[in-house]
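Summary of the model geometry
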Amino acid sequence: MKTIGTRNALVASLALGIAAFAAFGSSSASASEFRGGFRFSGGVHFSGGNSHEHFYRGDYCAPRVWVEGCYETECQHVLVCAAHTERRWFEPEYQTTYDNCGKPVVTCIHEGYFKEFCYPARYEDRYVRVWHSGYYRD
């Protein structure tokens, strides 16, 4: 039986390395996917209504868990009435007095006038049901 010398072993390992590089390409992602000699693709598994997905990257599995969408009650600060001004008319005021002969004399005490009232905006806290979409959690 003949043994392979050190020089022949180096040439053989170099040729094997070049062949492996050519077969798997130069990208690090594909090389890491083939690290164990086989390739997994992501699969979806269902358990108890929650689904989770596995992505195999190199030597480890990174599970992704699907979180279902749901309604949540949120407190929102809502404008109920915008700020506004209101103009009001006030009637004139008259006073009736009597002179020495007993005749009525009508006198204007205050003339009629407009007055503006400013009302600030009014806000309320209201509780509203809001839908939150489902998402994957890593």
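You'll find the structure just up there.
Keep in mind the model is a prediction, meaning the values are calculated, not measured.

**Let's talk about the overall build of the chain**
Of regular secondary structure, the chain possesses two helices and ten strands. Shown N-terminal to C-terminal, the secondary structure of the chain runs as helices and strands in the order α-α-β-β-β-β-β-β-β-β-β-β. Expressed as a percentage of the 138 residues in the chain, the buried residues total 4%. Contacts in the chain between residues at least 24 apart in sequence constitute 60% of all its contacts with a sequence separation of at least 6. Accessible area of the chain: about 11,900 Å², with a carbon and sulfur share of 56%.

**Observations concerning the pattern of salt bridges**
For the structure on display, the rule yields two salt bridges. E124 is the partner of R126 in a salt bridge, and the nearest nitrogen-oxygen pair spans 3.3 Å. Residue E124 is classed as partly exposed on the basis of its relative accessible area of 32%.

Here is what the cut-offs are and how they apply
- Residues numbered from 1 in each chain as written.
- Predicted model: local features only at pLDDT ≥ 70, side-chain atom pairs only at ≥ 80, totals over all residues.
- Heavy atoms only, no water.
- Helix = DSSP H or I, 4+ residues; strand = E, 2+ residues; numbered from the N terminus.
- Buried < 20%, exposed > 50% of the residue type's maximum accessible area, 1.4 Å probe, protein only.
- Contact = heavy atoms within 4.5 Å.
- Areas by Shrake-Rupley, 256 points an atom, 1.4 Å probe, with all protein chains shown as cover.
- Salt bridge = Lys/Arg side-chain N within 4 Å of Asp/Glu carboxyl O.

Remember, this is a structural readout, not a statement about activity or role.
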